[in-house]
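Reading the structure
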Amino acid sequence: MERRNIIILVASAVVVLLVGWFALKHFGVLNKNDVPAEGWNREQAEVVMRQLCRAADSVGIDTNRYSFQVNDTKKEFGEKFTGLLLELRYGLKPSRITYTKLPEKIDTVWAIAMLKKDEGRSALDSLKKTSVFGHYTTLVNHYTRLRKAGVYDTAKYVRQTLNFYRYLNRFEFDRFLVVNIPAAQLNIYDRSGKCLLPMDVIAGKRDSKTPFFTTYLTDIITYPYWNVPRGIGIKEILPKVQANVQYLENQNMEVLDAKEQVVDPYEIDWASLSAENFPYRFRQASGCSNSLGLIKFNLTGPGAIYLHDTNARDLFDQTSDRWRSHGCMRVQKPVELANYLMEKPVLDEGFMNRCMVDQKPQTLKLPKPFPVFVVYNRVDVDESGNLRGYKDVYGLDGGRPI
């Protein structure tokens with residue numbers, strides 16, 4: 001029996017290794033080791049490489065990382081050649097994206113085949129056939145104009161957006177949702193870049209920034225609870241409760257213990273509690289006064305970040321300050337967004353106005369997970385093809401204006 005278990009264990013390990021190797025190869029991680037040193041002519045490939053560098057420079061790619069030397073081995077040169085091809089087609093992962101849930105697909109076989117086929121002479125024609133996202137070509141034209149005019153700071157931010165457009169080629173989604181934080185805008189796009197559902201958002205303020213990530217939106221909660229994050233509970237709510245326990249009732253909040261049981265707040269010795277010994281959490285009951293409003297859109301990470309309605313919808317009309325949340329994103333058109341994601345009218349026009357009492361949260365599962373990108377693009381093109389610049393709301397670029 002012991003011998004049999006060992007055989008099963010070894011066989012399982014072999015299967016796991018094979019699956020892992022295939023996955024790494026499929027998604028391009030093993031690309032460098034796959035570049036052949038034989039089967040192509042370096043002298044001819046160098047001619048093409050110079051053409052590729054000129055093409056890459058024209059669309060905002062830093063070609064310094066692909067500069068080759070006489071003493072580079074043929075394999076090293078081939079890695080730079082295929083690396084540049086892949087960046088031209090797929091871009092680089094934006095450096096500010098810190099969490100990725102969406103699977104990427106990079107066709108490394110294509111790049112190697114281009115190198116071997118005719119030293120890459122067909123590569124430019126192949127790249128021209130690659131679909132581009134939305135206003136990519138228009139943005140390239142703006143980039144060229146800015147460089148000629150010597151407006152290099154703005155051109156730098158255009159390069160970042162061009163890279164994001166190329167980065168989208170790593171994904172094969174028919175539709176996806178993009179939140180651009182500096183623009184405080186949410187858009188749903190199709191694969192060609194056509195905007196299907198635009199709206200404003202209210203994002204995280206400067207000291208509680210919304211993170212940048214890729215993930216899935218999986219389900220919608222109507223009449224959600226607001227489970228207050230511990231940090232907010234201790235820093236903002238606990239001092240108010242210690243000053244006046246009536247605050248909880250005024251805010252329609254409950255106190256839950258470690259077993260998720262509701263605790264009578266008047267039986268708690270609030271004066272004895274601090275950040276170090278606070279054993280409870282706060283939860284705001286559902287309803288019109290709930291900070292999440294009447295609709296919550298769940299994401300598969302990171303942390304407690306999601307999209308939601310708000311009980312202060314007038315902010316969309318009364319102020320241009322769209323960066324005032326604790327990190328989550330409030331959406332301007334929650335009913336329209338919910339119906340679009342559900343692919344049918346699950347909520348009618350009067351849903352937001354009825355605001356029924358004593359409602360329990362209800363979960364609506366999406367037909368399939370919906371891709372979401374949250375990014376920090378300071379320059380983009382509007383529907384008329386005009387260049388739009390946005391404020392450095394988080395100071396990530398030193399507060400420099402466009």
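Now for a quick tour of the structure. Because the structure is a prediction, the values reported are computed rather than measured.

Each value, and the rule that gives it
Residues numbered from 1 in each chain as written. Predicted model: local features only at pLDDT ≥ 70, side-chain atom pairs only at ≥ 80, totals over all residues. Heavy atoms only, no water. Helix = DSSP H or I, 4+ residues; strand = E, 2+ residues; numbered from the N terminus. Buried < 20%, exposed > 50% of the residue type's maximum accessible area, 1.4 Å probe, protein only. Polar contact = N/O pair within 3.5 Å; in protein donor to acceptor, adjacent residues only side chain to side chain. Contact = heavy atoms within 4.5 Å. Disulfide = S-S within 2.5 Å. Phe/Tyr/Trp six-rings, centres within 6.5 Å; stacked < 30°, edge-to-face > 60°.

Here we take up the side chain of Thr 218. Mapping Thr 218 onto the fold places it in strand S5 (residues 213-222). With a relative accessible area of 16%, Thr 218 lands in the buried category. At a separation of 3.0 Å, a polar atom in the side chain of Thr 218 contacts the side chain of Asp 219. With sequence-adjacent residues up to four places away left out, Thr 218 is seen in contact with Asn 298, Thr 300, Lys 365 and Leu 366.

It is worth spelling out the state of the cysteines at this point. By definition, a disulfide links two cysteine residues through a covalent bond between their sulfur atoms. The tally for this structure, following the rule as stated, stands at one disulfide. Two residues share a disulfide in this structure: Cys 288 and Cys 355, whose sulfurs sit 1.1 Å from each other. On the criterion of sequence distance, the pair formed by Cys 288 in the loop between strand S9 (281-284) and strand S10 (295-299) and Cys 355 in the loop between helix H13 (351-354) and strand S14 (362-375) is long-range, its members being 67 residues apart. Cys 355 sits in the buried class, given a relative accessible area of 12%. Of the cysteine sulfurs around Cys 328, a residue in no disulfide, the closest is that of Cys 355, at 20 Å.

Two measures describe an aromatic ring pair: the distance that separates the ring centres and the angle between the ring planes. Summed over all chains, the structure comprises 23 aromatic pairs. With a centroid separation of 6.3 Å and an interplanar angle of 45 degrees, the aromatic rings of Phe 176 and Tyr 189 are classed as tilted. Placement of the pair is Phe 176 in strand S2 (residues 175-180) and Tyr 189 in strand S3 (residues 185-190), with a sequence separation of 13 residues. You'll find Phe 176 and Tyr 189 in the same group, each marked buried.

Our next topic: the side chain of Asn 339. Residue placement: Asn 339 occurs in helix H12 (residues 334-342). For Asn 339, a relative accessible area of 16% puts it in the buried group. If we skip the residues at most four places from it in the chain, Asn 339 touches Lys 344, Pro 345, Val 346 and Leu 347.

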